[in-house]
Amino acid sequence: MICIRGAVYIMYDLYTGGPCVRFIVIVSCSDLREIPDNQEVFVHPHTDQSIIVELLEYQEGMSDPDAARYHFEDVAASNGAGGRAEVLSVEPLPLAQLSLTRCSGAWALTGRQLVSKFTERAQNTVTMHMALLRIQQHATDLLVTFNDPVVIHAASSSSVPVPGTSGSPALWTVDDFRRLLCSFRLQDPALFG
């Protein structure tokens, strides 16, 4: 266990024999609801922040930045944010800073979406920090998304304070997300079949 600026990180085996990563203390959504086999979802214990790790099909025939945009647009469509999503930046992640050595390319995308929670009409503004780690030799795009709500609509169920919390809970930061990305390791390549 490691403590950095008050955030406790733990090793968490995301998939049996799969990537191993240090995480901020979190709640795994797989304990709360059904999560697809190619995905792990972790939520902040006191806010609507979340981190999603997905193993996706490698997008052939497009540049790495275009693949990052493709995945962002796919998430926007899944969130029902079709025309209410914008890419703010796409930039390379230095491979030398990553522990995932089998990565053929790594890109960071920052975007913003207007998203309704559940079936609510109220829309929250969510900044999405995405990292696309391309593992071409296994035909896999590893997508890691940090969802950071920045404006919560007054009519959203998220505008209600979490019972039992006092003061402002320690929010996850982009620096926490970057540290998480740098710690990904592939424990067992057999994960990819």
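In what follows, the accompanying structure is described. (Residues numbered from 1 in each chain as written. Predicted model: local features only at pLDDT ≥ 70, side-chain atom pairs only at ≥ 80, totals over all residues. Heavy atoms only, no water.)

We now examine the pairing of strand β8 (residues 105-116). The sheet contact formed by strand β7 (residues 85-92) and β8 spans 7 bridges and is antiparallel. Bridged to P92 within β8 is W107. Sheet topology places β8 next to strand β9 (residues 123-135); 12 bridges connect them, and they run antiparallel. The partner of R112 across the bridge, within β9, is T127. (Pairing = 2+ DSSP bridges. Helix = DSSP H or I, 4+ residues; strand = E, 2+ residues; numbered from the N terminus.)

Residues L100, L133, L142, V144, L181 and F184 are the most contacted members of the largest nonpolar core, which totals 22 residues. Discounting chain neighbours no more than four positions away, the residues touching L142 are V53, E54, L55, L100, A131, L132, L133, I135 and F184. By size, the runner-up hydrophobic cluster in this structure holds 14 residues, among which are L56, A67, A76 and M130. (Core = buried A, V, L, I, M, F, W, Y, C linked by side-chain atoms within 4.5 Å. Buried < 20%, exposed > 50% of the residue type's maximum accessible area, 1.4 Å probe, protein only. Contact = heavy atoms within 4.5 Å.)

It is worth spelling out the pattern of salt bridges at this point. Side chains that differ in sign of charge can pair as their charged atoms come close. All chains considered together, the criterion is met by 5 salt bridges. A salt bridge links D64 to R134; its shortest N-O distance comes to 2.8 Å. With D64 in helix α1 (residues 64-78) and R134 in strand β9, this residue pair connects regions lying 70 residues apart in the sequence. Looking at R134, the relative accessible area reads 1%, which means it is buried. D141 serves as the salt-bridge partner of R134, at 2.8 Å between the closest nitrogen and oxygen. For the pair R134 and D141, one class covers both residues: buried. One continuous salt-bridge network, built from bridges that share partners, spans D64, R134 and D141. (Salt bridge = Lys/Arg side-chain N within 4 Å of Asp/Glu carboxyl O.)

Within the fold, Q136 resides in the loop between β9 and β10 (140-151). Taking the C-alpha atoms as reference, Q136 lies 9.8 Å from E57; in sequence the two are 79 residues apart.

Following the sequence through the fold, D176 ends up in helix α2 (residues 174-183). With a relative accessible area of 4%, D176 lands in the buried category.

Listing the buried residues of α2 in full gives D176, F177, L180, L181 and S183. Buried residues of α2, seen end-on, are gathered within an arc of 165 degrees and therefore sit on one face of the element. (Arc of directions from axis to C-beta.)

Here S104 shows up in the loop between β7 and β8. Remark: the alpha-carbon pair of S104 and L133, spanning 29 residues in sequence, is separated by 7.6 Å. Sequence-distant contacts of S104, that is, excluding residues within four places in its chain, are made with L95, R134, I135 and Q136.

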